[in-house]
Amino acid sequence: MVDLSDVYMTFFLPTSEAGRLAVGADARIILDAKPDLPVPAKVSFVSPTAQFTPKEVETRSEREKLMFRVKVRVDPELLKPFAERIKTGVPGVGYVKLDPSVQWPEWLKTRIDKGLPRLKPEDVH
């Protein structure tokens, strides 16, 4: 059984992007299994410490290797109608909006962004 109150994707961003990212920022998830269906999400966590840290960071190029873990979460209410179809561990790609004033490109716009009704389980094949 999947806990629909905590469906998320974890990915990593370099320091330059992670430092600009706010918790609550808009995100999109594209699953490999359904690449034509952007899933709306929100940033729920940005690690306060870097991952992949070299033992000694002395040069700018070494610092650029620092990556921060980011977690984006899907609204549980959005997932309720799809409870029987949700699976864990499905690979995909996460996208975050670093500047809230910038619009999503067309290929990352959700049905809601386009003013269309929400999907129903029978709409997804």
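Before reading on, note that the structure itself is shown above.
To keep things clear, this report deals only with the structure shown in the data block. (Residues numbered from 1 in each chain as written. Predicted model: local features only at pLDDT ≥ 70, side-chain atom pairs only at ≥ 80, totals over all residues. Heavy atoms only, no water.)

## Section: the pairing of strand E4 (residues 67-74)
Direction of pairing for strand E1 (residues 7-14) relative to E4: antiparallel, over a ladder of eight bridges. Within E4, the residue paired with Pro14 across the bridge is Met67. Here strand E3 (residues 34-46) runs beside E4; their pairing, made up of four bridges, is antiparallel. Across the sheet, the residue bridging to Lys42 is Arg73, located in E4. (Pairing = 2+ DSSP bridges. Helix = DSSP H or I, 4+ residues; strand = E, 2+ residues; numbered from the N terminus.)

## Regarding the packing of aromatic side chains
Considering all chains together, one arrives at one aromatic pair under this definition. Ring centres 5.3 Å apart and planes at 85 degrees place the aromatic pair Tyr95 and Trp107 in the edge-to-face group. With Tyr95 in strand E5 (residues 92-96) and Trp107 in the segment after E5, this residue pair connects regions lying 12 residues apart in the sequence. What makes Tyr95 partly exposed here is its relative accessible area of 27%. Here Trp107 falls in the exposed class, since its relative accessible area comes to 52%. If you follow Lys71 out to its NZ or CZ, it ends over the ring of Tyr8, 4.1 Å from the centre. (Phe/Tyr/Trp six-rings, centres within 6.5 Å; stacked < 30°, edge-to-face > 60°. Buried < 20%, exposed > 50% of the residue type's maximum accessible area, 1.4 Å probe, protein only. Lys NZ or Arg CZ within 6 Å of the ring centre and 35° of its normal.)

## Concerning the side chain of Lys97
Within the secondary structure layout, Lys97 lies in the segment after E5. Nearest to the buried, unbridged Lys97 among oppositely charged side chains is Asp26, at 4.2 Å. Separated by 3.0 Å, the side chain of Lys97 and the backbone oxygen of Val102 make a polar contact. (Lys, Arg positive; Asp, Glu negative; His and termini not counted. Salt bridge = Lys/Arg side-chain N within 4 Å of Asp/Glu carboxyl O. Polar contact = N/O pair within 3.5 Å; in protein donor to acceptor, adjacent residues only side chain to side chain.)

## Some remarks on the nonpolar core
General note: in soluble globular proteins, nonpolar side chains tend to be found buried as a group. Ranked by size, the top nonpolar core spans 22 residues in total, and within it Leu21, Val43, Val72, Val74 and Val96 carry the most contacts. For this core, the secondary-structure elements that each account for two or more residues are E1, strand E2 (26-31), E3, E4 and helix H3 (76-79). Apart from the residues within four sequence positions on either side, Val43 is in contact with Leu21, Ala22, Val23, Gly24, Ala25, Val70, Lys71, Val72 and Val96. (Core = buried A, V, L, I, M, F, W, Y, C linked by side-chain atoms within 4.5 Å. Contact = heavy atoms within 4.5 Å.)

## Quick look at the layout of surface pockets
Approximately 1000 Å³ is the volume found for the largest pocket. Taken together, 36 residues make up the lining of the largest pocket; nearest its centre are Val7, Leu31, Val39, Leu79 and Ile86. Counting only elements with at least two residues in the lining of the largest pocket, the list comes to E1, E2, E3 and H3. The dominant element in the lining of the largest pocket, judged by the number of residues it contributes, is E3, at five residues. Residues belonging to the lining of the largest pocket are distributed by class as follows: 22 nonpolar, six polar and eight charged. Roughly 300 Å³ of internal volume is contained in the second largest pocket. For the lining of the second largest pocket, the secondary-structure elements that each account for two or more residues are E2, E3 and E4. With four residues, E3 is the largest single contributor of residues to the lining of the second largest pocket. Split into classes, the residues belonging to the lining of the second largest pocket amount to six nonpolar, three polar and nine charged. (1 Å grid on protein atoms, 1.4 Å probe; cavity = no way out; pocket = protein on both sides within 12 Å on 5 of 7 lines; lining within 4 Å. Points joined across faces, edges and corners; volume = space filled by probe spheres on them. Nonpolar A, V, L, I, M, F, W, Y, C, P; charged D, E, K, R; others polar.)

These values are about where atoms sit, not about what they do.
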